[in-house]
Structures are given as structure tokens and as C-alpha cells.
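Take a look at the letters that make up each chain.
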Amino acid sequence: MHKIVVLKIAMFFLVTFIFNSCTNKTLHNTNIQVTTDNKKLNSFLIDAKRAQLFGSTEEFLQQINTIIEIDSNYAVAYFELGKFYLQRKDYPLAVLNSKKAYQLIPSKNEYALLFAQSSDANGDFEIAISMYEKILKQNDNNIELWYDIFGVLDKNEKYKLLDTYLDNFERKFGLNEELVLNRYQNLVNQKRFKNLEKYLLSVIKRNPKIEIATVILGDYYFSLGKFNKSGEVYEKLLVNNKFHEQALIGMVKISLQKGDLVSVIDYSERLINSTSVDVLSKLSIIVELSKSFEKIDGVGANIFDPLIINLYNQYPENPDVRYFHGNVLYRTGKNKEALNDFLYSLKLNPSNLQMWLFSLYILETEKEYDRLISVADSALIYFPNQKDIFILRGFAYLQVKQYRKSLEDFLFAKRLTGVLDEDKVQILHYLAEIYFIMENKNQAFLIYDEILKLNNNDIIALNNYAYYLALDNMDLNKALDMSQRSVKLEPKNSTYLDTYAYILFKLKKYSDALFYIEKAILNGGTNSAVILGHYGDILFMNGQKELAISTWKEAKNKGLESDSINKKIETGEYFEQ
């Protein structure tokens, strides 16, 4: 009896969440006023901007260069070129053109700002800060400019000078969250941790409405392992707002550190129920909790199922939420309902490869092979070179007996495998099986030889190769040797024992065949119609005619269909298949 290769597709979930804290802002001015009276230059400029809008870079550059040829002092042309090259990250050319625009009209702040930004991007720190200072003197009420300077100084590690600017900013504008964040980051960069705690406490005392200082202080204590102090800080925030997002996240982290799973769930539920927390943040919380709980013994993934169901009730049309909800359904054995969630999510977000694979895996588990083929066709539109999709579709084609299409899929999957790819042997097994079914036996045997070169103890190859040889009465001694090796590797496997007994039967070693077929029967062989059919044949050749007939009947009742089995039962005689 040949061994069916079990389809193995590794399923894993990859969820990435990025947390950004933007403290520096860049001022961009795209509304450029053309001051020239030259209508021809204005026309060229309009054409250039139109070309740029429609993505025609070559035409844009051609029009701008035409303007410069006509009037080499036309500042707006250099300004547009400077913006163009800065956007394309060609910083030297951005500096060259923005500097020219600034030199022609130094009173235009947008020209000076572009020159400063280009210089900063090009690594010309001294020029950049000098330009920012000049602009700031004329526009010291422009908060965006202050943030730009903070960013330049921080990037270039000019922390002392940044301190000065932060002080000046605070004197002019007072405390705000942006200032606190910049001051905090600057203290961290200078490793002035004692000053850090002192500064945050002073901000909280002066203006408790600036909650970011309290949040940072709680995070700071947490980073030091001072969980009780950290918790006290977060709880102060929760007194005023029981759904405060950062405070609740902080309490979840503290509860995890303390191993207080009840509190973890409690704070997490408050986060999920909060209307002020967006769905992406809620999903990220569940993902992070799942990762943390994987490390805790005795805690299953279903501990978060109520949170996910709650989230689903809030956002039933969100594709990511449907994905998580589908996982809950799958874990509880509701495969079809889970599949509905996955396929709904894929309509909105077809770029999720793992969801396609998981959907196909469920269809394979449910043996819905025609639907699997249809879904795989859709998946291949987005992932035309994804090996696992071809493996799954090839397997489905094999089950519905579309052998040519199955062969094509597995051959293409093989082309997509690397030398050390774990799926290579699995694909070879399927190819050998398909070639044998399609009566290309020599090709099937060549593939088995290839598998055994890779691993001479590949037990499935040893068994199937031996069985297929025996079916055609080919090289029975070689078949016997391979089958014997598989039995030694797994002495209680009914399939391998049956193959060994069948080869002995072919070699007319009926007594030995009976010994091994009965071992197969004792190890679960009664559940296989094929093994029962072989048992009847061997019993007959050992003179146990009545028992052979009853065994053939049992094999037929189990689903064994062939002309020979019917003749055996009708005549009470043995016939070759």
C-alpha cells in the first residue's frame, strides 16, 4: 500500500505595527507668487508646473531651463528646480538651485527656507542653521521655524545649542507638548537622567494640563523597573479619564510584568471599549498581548477571544478586525464561518498573503477542492510567483483527478524552490505520485531515486517506490529491500507492513507474507480496504479459503472496488488485479 503524502503548509501570522512620535515639523510652501512681468516667462512657468503635475519630468526640466536661458536671473525658476531636486533627494543640485534663488531675492522667506532645508539635507549644517537663524529673526512668531531648528540641532547632536533655543522658545511661547517632547529627547541624548525626572516633575507642577509630561514620567519609571511608582503616575491620569490611552497601555505593561493576568484583561477591555482609541491602536494592543502571553506557560491564545469579539462588534467591516475574528472562529472549530471572515477581508485587502494561504488551508481541510482551486486562482492574480499557492492548488487538482493541471502546478512550484527549500522533497513526492497515476512510471521512479539521493531514509519514498514496483512485478528484490528498511524505521506502521507483506506475496513467500499482513491488521489495518484486500489474497494462498472470502467481502464493504475483487467473492478463487 502506498503512503499518501500529508500536505504541510506552515501557517503563521505576521502583524507589524509602527508607532511614530513626530516632534519635528517641516514647513513647505508650494504657493509661489510669480513677480515677473514677462508674460512669456510666466507662460513657460505655467507649462512647467503643468508638466510636473502630470508627471512629465523631462518636459518640466525643459521648460524651466528654457526660462533660465531667456532670463538667468529669474529666481522662481531656480526655486522650482531646488524643490524638484530636494524631493528627488539630489541634495547637491537642490542646494545649488535654492542658493541661487535666495541670492537673487534674499528677502523671500520661502527661498531662504528652501536653501536652509536643502543645506541641512546635504549635510551643510553650519549653513543650514545660519539660514534658519536669519529667517527666525524676521519671523520669530513662526512656531514651525522653531521646530525646524530643533530638528536640525538634534540631528547634528548640537545639544547645548538646542538647550538655548528650547529656553528661548519657552520664554516666548510658554510650555506646550511639543516643547516638552523636545526637551525630554534632548535630556535623554545628553544622558542627563537626574535632570530628566526633575524637569518632568516641574512641568507637571507648573502645568498639569500638559499630560505628555505625566505619560513620559510613567514610562521613565517603568523603564527603570520602578513599576509601583510608574503605576501611581498612570493612575493619576486615569482618575481624570478612565479611558486614557497611554495610561491604560502603561497599566497593561505593568500588570504583565507583575504577572497579574486579571488586571491585564481588565485594562485591555477598557482600551478596547474606549471610543477615543482608534481601531489600529486596539489591534496593536491585542497583537502585543498575544506575543507576551506566548511566553507564559498555561495561557492559551483564546484568553483574548472576548476582546476580539468585542472589537468585531465595534468594527464588523474592518478587514483587519475580520481577520482576527476569523482566527477566533477557526480556533473554535467554525471553519466555514472563519473562511467567510477571511474572504471578506481579502476583498478589501487582497495584499495579505498569509490570509490567502490560511483561507486555502481551511478549504483543503474541509476538502472543498473545487472552491480551493477558484480561490487559488484569485490569489495568484496578486501573488503570481507564490510557491505555496501552487502547491495547494496542485494538491486540489490531484484530488479532483485533474492530473495534468496538478502536474503543471507542482512542476512550477518546483521551479520556485531553492536548493535548501524544505518544500522541495514534498513537491517531488507529489510529482512522483502524479507521474505514476499518469502511467509515466519511469519518470516516477527517477524522481524517487532523486528523493533517496537527498535522503536515503526518506520513509515515504522507500515505501511508495517499493509498492509501485510490486504493482508492476518490477525489480521485486529491490522493492523488498526498500520496504524492509521502511518497516525497520517504523515497525508498527500498518501501511509499511502491508507493503512488505504484499511484496513477499508477489515473491510467493506466502507464510512470511501472512506474518507481516497480520501485524498490519493488528496495527490498525482493518480500517483500510486495500490492506484487507491484500489480507484476503494472502489468506487464500495460505489455504484459508473461507476466511479469505469473508475478508474480501469486508474489503469491498470498506470501499475496495475492482473487477477482480468481485470475481474473487463470486468464485471463491484468487484472481490477479
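Preceding this section is the structure that the text describes.
Here the structure is a predicted model, which is why all the values come from computation and not from measurement.

Here is what the cut-offs are and how they apply
- Residues take numbers from 1 onward in each chain, read along the sequence in its written order.
- This being a predicted model, a pLDDT of at least 70 is required before a residue's local features are given, and a value of 80 or more before pairs of side-chain atoms are given or counted; all residues contribute to the totals for chains, interfaces and linings.
- With hydrogens and water stripped out, all remaining heavy atoms of the structure feed into the side-chain values.
- Counting from the N terminus, the helices are DSSP H or I runs at least four residues long and the strands are E runs at least two residues long.
- Only C-alpha atoms enter the radius of gyration, while the globule expectation follows 2.2 Å times N to the 0.38, with N the number of residues.
- When accessible area is computed with a 1.4 Å probe and restricted to protein chains, residues below 20% of their type maximum are described as buried, those above 50% as exposed, and intermediate ones as partly exposed.
- To be clear on the numbers: accessible area is Shrake-Rupley with a 1.4 Å probe, and residue cover counts the displayed protein chains and nothing else.
- Residues counted as positive are Lys and Arg, residues counted as negative are Asp and Glu, and His and the chain ends are not counted.
- The location of each charge is read from NZ of Lys, CZ of Arg, CG of Asp or CD of Glu.
- Take the buried residues of types Ala, Val, Leu, Ile, Met, Phe, Trp, Tyr and Cys, join any two whose side-chain atoms come within 4.5 Å, and each joined set is a nonpolar core.
- Salt bridge criterion: a side-chain nitrogen from Lys or Arg within 4 Å of a carboxyl oxygen from Asp or Glu.
- Axes here mean lines fitted to C-alpha atoms, for a helix over just the part in contact, with angles spanning 0 to 180 degrees between N-to-C directions.
- In this scheme, roughly parallel covers angles under 35 degrees and roughly antiparallel covers those over 145, while 65 to 115 is roughly perpendicular and the rest are oblique.
- Pairs of residues are marked as contacts when any of their non-hydrogen atoms sit within 4.5 Å.
- Polar here means any residue outside two lists: the nonpolar Ala, Val, Leu, Ile, Met, Phe, Trp, Tyr, Cys and Pro, and the charged Asp, Glu, Lys and Arg; Gly therefore counts as polar.
- One fewer than the residue count of a helix, multiplied by 1.5 Å, yields its expected span.
- Think of it this way: a Phe, Tyr or Trp ring, Trp meaning its six-membered ring, pairs with another when their centres are within 6.5 Å, and the plane angle makes it stacked under 30 degrees, edge-to-face over 60, tilted otherwise.
- Directions pointing from the helix axis toward each C-beta atom define the arc.

**Things to note about the overall build of the chain**
Okay, step 1: Per the secondary structure count, the chain includes 31 helices and zero strands.
Okay, step 2: Relative to the 2.2 N^0.38 estimate, which gives 25 Å for 577 residues, the radius of gyration of the chain is 37 Å and therefore markedly larger than a compact globule would have.
Okay, step 3: Each of the 577 residues in the chain was classed as buried or not, and the buried ones make up 47%.
Okay, step 4: If you sum the accessible surface of the chain, you get close to 29,800 Å²; carbon and sulfur atoms cover 49% of it.
Okay, step 5: The averaged location of the 72 negative side-chain charges in the chain is 3 Å from the averaged location of its 69 positive side-chain charges.

**Quick look at the nonpolar core**
Okay, step 1: With 118 residues, the main nonpolar core has Ile389, Phe410, Leu431, Tyr448 and Ile517 as its most contacted residues.
Okay, step 2: Per-element accounting of this core gives the leading share, ten residues, to helix H25 (residues 459-471).
Okay, step 3: Counting 47 residues, the second largest nonpolar core, distinct from the first, contains Tyr74, Phe79, Phe115 and Tyr147.

**Some words on the pattern of salt bridges**
Okay, step 1: In the structure shown here, the tally under the stated rule is 24 salt bridges.
Okay, step 2: Asp472 is the partner of Lys441 in a salt bridge, and the nearest nitrogen-oxygen pair spans 2.4 Å. Highlighted residues: Lys441 in helix H24 (residues 441-454) and Asp472 in the loop between H25 and helix H26 (476-489), separated in sequence by 31 residues.
Okay, step 3: For Asp472, a relative accessible area of 27% puts it in the partly exposed group.
Okay, step 4: Among the salt bridges present, the one from Lys478 reaches Asp449, with a minimum N-O distance of 4.0 Å. Of the two residues, Lys478 sits in helix H26 while Asp449 sits in helix H24, which places them 29 residues apart along the sequence.
Okay, step 5: We classify Lys478 as partly exposed; its relative accessible area is 32%.
Okay, step 6: The network of salt bridges with shared partners includes Asp167, Glu170, Arg183 and Arg206.

**Overview of the packing of helix H9 (residues 177-189) against helix H11 (residues 211-223)**
Okay, step 1: The N-to-C vectors of H9 and H11 enclose an angle of 30°; their axes lie 8 Å apart at closest approach. Our classification of the angle between H9 and H11 gives roughly parallel. Of the residues in H11, those touching H9 at Glu177, Val180, Leu181 and Tyr184 are Glu211, Ile212, Ala213 and Ile216.
Okay, step 2: Among the residues making up the contact of H9 with H11, the classes are represented as six nonpolar, no polar and two charged.

**Examining the environment of Lys258**
Okay, step 1: With respect to the element layout, Lys258 can be found in helix H13 (residues 245-258).
Okay, step 2: Remark: the alpha-carbon pair of Lys258 and Phe227, spanning 31 residues in sequence, is separated by 8.5 Å.
Okay, step 3: Beyond its immediate stretch of four places on either side in the chain, Lys258 contacts Phe227 and Asn228.

**Notes on helix H18 (residues 335-348)**
Okay, step 1: The first and last C-alpha atoms of H18 sit 20 Å apart over 14 residues, in line with the 20 Å expected at 1.5 Å per residue.
Okay, step 2: Among all positions in H18, only Asn335, Ala338, Leu339, Asp341, Phe342, Leu343, Ser345 and Leu346 are buried.
Okay, step 3: Where H18 is buried, its residues contact helix H16 (305-314), helix H17 (319-331), helix H19 (353-365) and helix H20 (369-382).

**A few points about the packing of aromatic side chains**
Okay, step 1: Counted according to the given criterion, the structure contains 36 aromatic pairs.
Okay, step 2: On the numbers, 6.1 Å between centres and 45° between planes, the contact of Tyr220 with Tyr221 is tilted.
Okay, step 3: Note on Tyr220: relative accessible area 11%, which makes it buried.
Okay, step 4: A residue is classified by how much of its surface remains accessible, and Tyr221, at 4% relative accessible area, is buried.
Okay, step 5: Through a chain of ring-to-ring contacts, the aromatic side chains of Phe436, Phe445, Tyr448, Tyr465, Tyr467, Tyr468, Tyr502, Phe505, Tyr510 and Tyr574 assemble into a single cluster.

**Some remarks on H16**
Okay, step 1: What H16 keeps buried is the set Asp305, Leu307, Ile308 and Leu311. On an axial view of H16, the arc spanned by its buried residues comes to 160°, and they lie on one face. Those residues of H16 that are exposed and angled more than 90 degrees off the buried face are Pro306 and Asn313.
Okay, step 2: On the buried face of H16, the contacting elements are helix H14 (261-273), helix H15 (279-293) and H17.

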